[in-house]
Amino acid sequence: MIKGEFKFIFHNKLIMLSTIVIMIIPFLYSIFFLKSVWDPYGNTGDLPVAVVNNDQPVKYEGKTMNVGKQTVQELKKNKQLGWRFVSKQKAQAGLKQRKYYTVVTIPKDFSKNATTVMSTTPKKCI
């Protein structure tokens, strides 16, 4: 019975073509799907992220600490995301206009709180 079915498929060109197309469609779907999820982090360098530095430098043990500025300098070297260094107003406007994916804000007391790292009660930077 199965031999007869296959014989019928091979001798009827329309059914043969339909069978081949039906077998190729899942194959093509899997190729396109795998391509879309193969490397999800490969193009994050093009993802625009706004950075707002509100940090105020502080004096600590006779030296001026500006941890916010140091963080911005390190982010400028980082190519994993599309960092954009802007003001608070430009960041908010860009976020509304969908120019930026998100906004990272360095708080004004970032350096001040960084000086408490070695103390018994360090402060969080939120």
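This one's a predicted model, so the numbers in the text were calculated from it and none came from an experiment.

**Quick word on the packing of aromatic side chains**
The final tally for this structure, using the stated rule, is two aromatic pairs. For the pair phenylalanine 6 and phenylalanine 10, a centre-to-centre distance of 6.4 Å together with 25° between the ring planes defines the contact as stacked. Of this pair, phenylalanine 6 and phenylalanine 10 both sit in helix 1 (residues 2–11), separated by four residues, roughly a single helical turn. Note on phenylalanine 10: relative accessible area 54%, which makes it exposed. The ring centre of phenylalanine 85 lies 5.5 Å from the NZ or CZ of lysine 76, which sits over that ring.

**Considerations on unusual backbone geometry**
With a phi close to 50°, glutamate 61 is a non-glycine residue in the positive phi region. Tracing the backbone through its elements, the reader meets glutamate 61 in the loop between strand 2 (58–60) and strand 3 (63–65). You can call glutamate 61 exposed: its relative accessible area is 69%.

**Concerning the confidence of the model for the protein chain**
Summary statistics for the protein chain give a mean pLDDT of 88 and a share of 95% for residues scoring 70 or more. The weakest mean pLDDT in the protein chain belongs to helix 1 at 84; the strongest belongs to strand 1 (residues 48–53) at 96.

**A closer look at the pattern of salt bridges**
Evaluated as defined, the whole model comprises one salt bridge. Note that lysine 77 and glutamate 74 form a salt bridge whose closest N and O atoms lie 3.4 Å from each other. Of this pair, lysine 77 and glutamate 74 both sit in helix 3 (residues 67–77), three residues apart, roughly one helical turn. Judged by relative accessible area, lysine 77 falls into the exposed class, the value being 60%.

Basis of the calculations
Residues numbered from 1 in each chain as written. Predicted model: local features only at pLDDT ≥ 70, side-chain atom pairs only at ≥ 80, totals over all residues. Heavy atoms only, no water. Phe/Tyr/Trp six-rings, centres within 6.5 Å; stacked < 30°, edge-to-face > 60°. Helix = DSSP H or I, 4+ residues; strand = E, 2+ residues; numbered from the N terminus. Buried < 20%, exposed > 50% of the residue type's maximum accessible area, 1.4 Å probe, protein only. Lys NZ or Arg CZ within 6 Å of the ring centre and 35° of its normal. pLDDT = per-residue confidence, 0-100. Salt bridge = Lys/Arg side-chain N within 4 Å of Asp/Glu carboxyl O.

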